[in-house]
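Residue-level listing of the chains:
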Amino acid sequence: MERKKKLPQLLDMFQHEEKYKSNIVTWKTIEPKEAKTAPFPKGVAPVLREALLNRGINELYTHQATAYEEATEGNSFVAVTPTASGKTLCYNLPVLDTILKDPSSRALYLFPTKALAQDQKSEINELIDEMEVDLKGYTYDGDTSPTIRQIVRKAGHIVMTNPDMLHSAILPHHTKWVSLFENLKVIVIDELHTYRGVFGSHVANVIRRLKRICSFYGSNPIFICTSATIANPKELAEELTGEEITLINNNGAPTGRKHFVLYNPPVVNQALNIRRSATLEARNIAVELLRNNIQTIVFARSRVRVEILLKYLQQLEQRELGPRSIMGYRGGYLPKQRREIEQGLRNGKIKGVVSTNALELGVDIGQLQACVLTGYPGTIASTWQQAGRAGRRQDESVVFVVASSSPLDQYMITHPDYFFERNPEEARVNPNNLIILVDHVKCAAYELPFKQGDTFGGEDVEDVLEFLTEEQLLHHRADRWFWMNDAFPAHNVSLRSASQENVVIIDQTTAANVKVIGEMDRFSAMTLLHEEAIYLHQGVQYQVELLDYEEKKAWVREVDVDYYTDANLAVQLKVLEEDQHDQLPHTTATYGEVMVNAMATIFKKIKFETHENIGSGPIHLPEEELHTNACWFEFPESFVQTMGENRLEEGLLGLGNVLRNVAPLFVMCDVSDLHVTPQIKAIHSNKPTIFFYDRYPGGIGLSERVYQELGLILKEAESIVVGCECESGCPSCVGVSGETGENSKETARYLLEYLRGEHSDVTEG
Amino acid sequence: MSRKGKLNRMKKHMNLGEGEEAPHIVDQPVHSVPHLQKWRDLDASPFFLDGEYAFVRTKQYPKTYQHGRYVFQELEDVVERWNSFHRSHPLSSKHLNPSDLLFFDTETTGLGGGVGNTIFLLGYSQYTEKGISVNQYFLPSPGAEVPMYQAFLEDVKELKNLVTYNGKAFDWPQVKTRHTLIREQVPKLPQFGHFDLLHGARRFWKNEMESVRLANVEEQQLGFTRNEDIPGYLAPMLYFEFVKDPDPELIAGVLKHNEEDILSLITLYIRMSNLLLDHEGKSLSAAEQFQSARWWEAVGEEDHAAQLYKQTTGRHEREARKALARIYKKQGSLDKAILIWEDLSESTNDEESDIELAKYFEHKERDYEKALYYALSGYQKWKNKKRILKDKEESERLQYMKRIERIEQKESR
């Protein structure tokens, strides 16, 4: 049997062996960085200092020292810290110090997930045990037993929880938490960058509620936030907390040598400019690493990709690595499964893991040596986070980014400077999204009546209160608004999912053991859990036998087939209100409000490996309605005559494809959060139009951002179409010509030129 | 840009529930109490504090008043019997007078706990010199909690002996919650002690009745049927109506409902005490007697429980005899226990007695032949039964095997 290679030998192999070498576009080695440290601040409680000394910590990294100083001066701050830079000490040090000096003090830690809270609890409790002081840190989540809950409420110095628990279990029962709220000195928000989009907008409102409750009990805590590298940590922290925030950006932690490899799969069809599938290439790279015993994490962009890769890689298990050494990890798995996987990674029993961005967060899985990204994760911030999974401490490590054929990936891989030099994206929240705001004003009114002149995190909400009074949820009397309804409003508000109700996935393979294996939001269920869909879970294929859309249940049965399914969504758009206009050279861009009607129409069966279409069927599901914000621009009606309807349609379709992929470059979001819909004859104007809209009711600021950046987006789109080497369209630009039409590329290019101010001969609007 | 317009347009995306459009209501100035005469007709009057007011309603019933099958006066007899009985029990009113007991219930704007679930009616009844007094404190508008709690807390002084139905899990925590919100403006909540009759109702009647809701218990155990009762779940709706249009007629039914609740609690206490204090089993069903015995055993009064088990006949007889043997064993009267076990082992397919005998002969008598006999006979009986839980079955089977092997080894030595 051949000997296992070590990482440096393997890297050498990748650099020299022809089948890999020719596909490597960029190989960048990031040199190790020395630690920058500062002496222990004088004021730190002696017992705490000693405990840290015992653990071998005799000085602080610069950012940790700054964090302590800011906190002791009573300033709220956000510390920007990459993976594994000792960020927990940024909050644990000032918090423990505060409590040691005044044992009546309390702190509240918010983590985006339960798992992170549990990790941190073990970490802080080790430190507390070392000090031998009477100080209690507890997690408070759905798993906490009723007897412990009592103790946590009364005696927990540090309560570690997640925003969902705060929202639905703590704030609506704040009278049971008097000792916490009366003495709250510090609120810690870890992984701040995850609070963006819909989730972040909800959490900003939960924090508004939290601050209301604190002020009712007379406390005025500071906020300590930690964030991965994003463009606007200070702004995001300020929007989330409503406080003035100091930025701490002097990370002093050391890093090991890291190889960053940008890998572009070879072109297999020159005319169509089609490349080999990123999934297959990522698989090959991962196999090389895994069979040499290099612990590797493979990231994929979607749940389906994760499952497909997992299926491929698990073949290694049988032949070489042994059972259960390669696992999948994503949302939709039950918590217990996830805990087992995390532990397996830490103790080395699991060699490889295939994950969606779920493992981007600081879940403690120990130190991996290699990381393979299947496709560009969509944002620079995400890429660095995922890459941070490899080589958390000082070892050499490698990160492969395997590009797919999508325009975004191809843009990124052909512009490495863009990636290595550019600032990461902004994270945006819109706490005043009307639907989200109203939900939380309801919850807030349940928790405490509103008084005339009260604001909600600085926002005047009297109109909302009046509206809720008319809707019979509040009662207005004298100068106050009281909750006057028998409901418990927090139960109807989910912070996570765009649609409010999730579809439960039930496995009925064995009649004696029918069980729930996961859940999914309703909008996604339309295209992923329709009847006959193939649903993948832990590498196992299930076919959906019945989707009970009313009851929100999908009944599935295990199958073994060689295809997966992909569904189409038909969309209709109506403009309700035009809020802002901006002049483009020949036409106008508009930002406003639209109503979207979406309906799943048909699904296709697509064969693994060859990706050919081997059948299709209709989907019978009711239409979903969505009020949201949108940005759009239109072309003159005359284009229909001058170009012909077919040709114009092909062009719009192609342009839509490019824009769908380019827009996320400028807005930190998933391709699926922001939809692009071209229409040859828009209902409101009869003109050919392209719409961008937020997928969440009321919008979360994505299409607004597109509206602001439209000039740049169009410019990038044009450079992609012009720069692409294909003849008449490929997946890297306007799409495959077989699908979008043979004139798609040429027409899209013409349309872009028109938008960007060329073709001045066409002026009629 | 008007947000109101948007609000109405996006209504569908908001969880507003079903609600009709509200009529526009002009607020009443606080000093003029609307419908004052109607309130007086309902025996209620306003209690003012700092310009706000709550209603206090009081009513008297004679001691001889017949409420269902019971007369309130029987409470005196019951309390006296508790006082002269030397055993202790959570429902015992030993060292108390009838007037120390406060029979307490609330009405709220919603179900379940949570800060926003407002208590709009606090009611208690009390046995006094003059008769039964009913006292209710009603919140005429959500801003008036301070006068409501003030009036209530001034009247009750002490809450050491509350008698409720599910008050431990619901009413009392909710009182604490709402009180916390105004804790700086009203007196502290006094120390509180509790008789929660729901627990007893479950013990006595869970298997006999479809549900132990108070209304069912009244009907089937207390001989009390309500006329034109407003069911409890409608109370919040009626209250919301009242808040918009403060006509006491809307809420009179809810006041009546609460009044009947707190009166029924008196007779329920009488009924349950009778069950627990009936030492001869004259007035209880076989099932009730068995449950009474179990309760006494659970609270540690084993001698008394044993007395009651001895008298148990009918469908619970076997369980009662096993329980009796268990008490004998615990008290060290093994000889008495063995007699029962041997009898049960012979006459029933209950394997537990066989196990007990196997243990006894193995460890005490060291008579391994007999021990093995009972171990095997127990295993046989156990095998003949159907079981639902697979893993439990496996662990039980292993226990049997272990025991049998061990005894066999000892026997062969």
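Residues numbered from 1 in each chain as written. Chains lettered and ligands numbered in written order. Predicted model: local features only at pLDDT ≥ 70, side-chain atom pairs only at ≥ 80, totals over all residues.

### So, the overall build of chain B
1) Next: A tally of helices and strands in chain B yields 16 helices and 9 strands.
2) Next: Relative to the compact-globule value of 22 Å for 413 residues, chain B shows a C-alpha radius of gyration of 29 Å, a clear excess of over 25%.
3) Next: Along the first, second and third principal axes, the C-alpha set of chain B runs to 95 × 65 × 40 Å.
4) Next: A total of 413 residues make up chain B; the buried ones form 40% of that total.
5) Next: Taking the contacts inside chain B whose residues are at least 6 apart along the sequence as the reference set, 62% of them involve residues at least 24 apart. (Helix = DSSP H or I, 4+ residues; strand = E, 2+ residues; numbered from the N terminus. Rg over C-alpha atoms; globule rule 2.2 N^0.38 Å. Buried ≥ 20, exposed ≤ 12 C-beta atoms within 10 Å, placed from the backbone. Contact = placed C-beta atoms within 7 Å.)

### Some points on helix α19 (residues 462-470) of chain A
Given 3.6 residues per helical turn, the α-helix brings residues three or four places apart onto the same face.
1) Next: Among the residues of α19(A), those classed as buried are A:Val464, A:Leu465, A:Phe467, A:Leu468 and A:Thr469.
2) Next: The inward-facing, buried residues of α19(A) abut α18 (434-447), β19 (450-451), β22 (474-477) and β23 (480-483) of chain A together with α1 (3-9) of chain B.
3) Next: Backbone geometry just downstream of α19(A) places A:Gln472 in the positive-phi region, at approximately 70°.

### Here's the deal with helix α15 (residues 380-387) of chain A
1) Next: Here α15(A) lies mainly inside the structure; 8 of its 8 residues are buried.
2) Next: Among the residues of α15(A), those classed as buried are A:Ile380, A:Ala381, A:Ser382, A:Thr383, A:Trp384, A:Gln385, A:Gln386 and A:Ala387.

### Details of the domain arrangement of chain B
All names here are of chain B.
1) Next: The domains assigned to chain B are domain 1 (32-277) and domain 2 (286-412).
2) Next: Taken over C-alpha atoms, the centre of domain 1 sits 45 Å from the centre of domain 2.
3) Next: Each partner contributes to the interface: domain 1 provides 8 residues, whereas domain 2 provides 8 residues.
4) Next: For the side of domain 1 that touches domain 2, the secondary-structure elements that each account for two or more residues are α6 (197-205) and α9 (248-277).
5) Next: Of the residues assigned to the side of domain 1 that touches domain 2, the class counts are 4 nonpolar, 1 polar and 3 charged. (Domains from an automatic or database assignment. Nonpolar A, V, L, I, M, F, W, Y, C, P; charged D, E, K, R; others polar.)

### Let's talk about the sheet that holds strand β7 (residues 131-138) of chain B
Residues and elements named next belong to chain B.
1) Next: Here we have 7 strands laid out as an open sheet, ordered β1-β2-β7-β6-β5-β8-β9, and mixed in their pairing. The strands lining the two open edges of the sheet, one partner per strand, are β1 (44-49) and β9 (192-196). Within this sheet the neighbouring strands show an average axis-to-axis angle of 30°, counted without direction.
2) Next: Relative to β9, strand β8 (residues 159-164) is paired through 4 bridges, and the arrangement is parallel. (Pairing = 2+ DSSP bridges. Axes fitted to C-alpha atoms, helices over the stretch in contact; angles between N-to-C directions.)

### Overview of the pairing of strand β5 (residues 106-110) of chain A
All names here are of chain A.
1) Next: In terms of residue burial, β5 counts as a mostly covered element, since 5 of its 5 residues are buried.
2) Next: The alternating pattern of β5 places Arg106, Leu108 and Leu110 and Ala107 and Tyr109 on opposite faces, both of which are buried.
3) Next: Where β5 lies against strand β8 (residues 184-189), 5 bridges are found, and the strand directions are parallel. By the bridge assignment, Ala107 is partnered in β8 with Val186.
4) Next: Inspection of the sheet shows β5 paired to strand β7 (residues 158-161) by 4 bridges, in the parallel sense. Note that in β7 the partner of Leu110 across the bridge is Thr161.

### Thoughts on the interface of chain B and chain A
1) Next: The partner chain A presents 36 residues to the 33 residues of chain B that form the contact.
2) Next: For the side of chain B that touches chain A, the secondary-structure elements that each account for two or more residues are α1, α5 (167-181) and α8 (235-244) of chain B.
3) Next: In terms of residue count, the dominant contributor to the side of chain B that touches chain A is α1(B) (5 residues).
4) Next: Its residues placed into classes, the side of chain B that touches chain A shows 13 nonpolar, 14 polar and 6 charged.

### Looking at the domain arrangement of chain A
1) Next: Splitting chain A by domain gives domain 1 (7-29 + 257-421), domain 2 (37-248), domain 3 (434-492), domain 4 (502-561) and domain 5 (570-612 + 623-755).
2) Next: If you average the C-alpha positions of domain 3 of chain A and of domain 4 of chain A, the two centres end up 38 Å apart.

### A few points about the packing of helix α12 (residues 317-331) of chain B against helix α13 (residues 334-347) of chain B
Residue and element names in this part refer to chain B.
1) Next: At a minimum axis separation of 8 Å, α12 and α13 run at an interaxial angle of 150°. With respect to each other, α12 and α13 are oriented roughly antiparallel. Crossing angle aside, the handedness with which α12 passes α13 is left-handed. In contact with Arg318, Arg321, Lys322, Leu324, Ala325, Tyr328 and Lys329 of α12, α13 contributes Leu334, Lys336, Ala337, Ile340, Trp341 and Leu344.
2) Next: Residues of the contact of α12 with α13, tallied by class, amount to 8 nonpolar, no polar and 5 charged. (Parallel < 35°, antiparallel > 145°, perpendicular 65-115°, else oblique. Left-handed = near helix turned anticlockwise from the far one by under 90°.)

### Description of the pairing of strand β11 (residues 258-263) of chain A
All names here are of chain A.
1) Next: Counted residue by residue, β11 has 6 buried out of 6 residues, so it is predominantly covered.
2) Next: Here β11 shows two buried faces, one formed by Lys258, Phe260 and Leu262 and the other by His259, Val261 and Tyr263.
3) Next: Strand direction decides the pairing type here: strand β1 (residues 24-30) and β11, joined by 6 bridges, are antiparallel. When the bridges of β11 are listed, Ile30 appears paired with Lys258.
4) Next: As defined by bridge partners, β11 adjoins strand β18 (residues 397-402) across 6 bridges and the pair is classed as parallel. When the bridges of β18 are listed, His259 appears paired with Val398.

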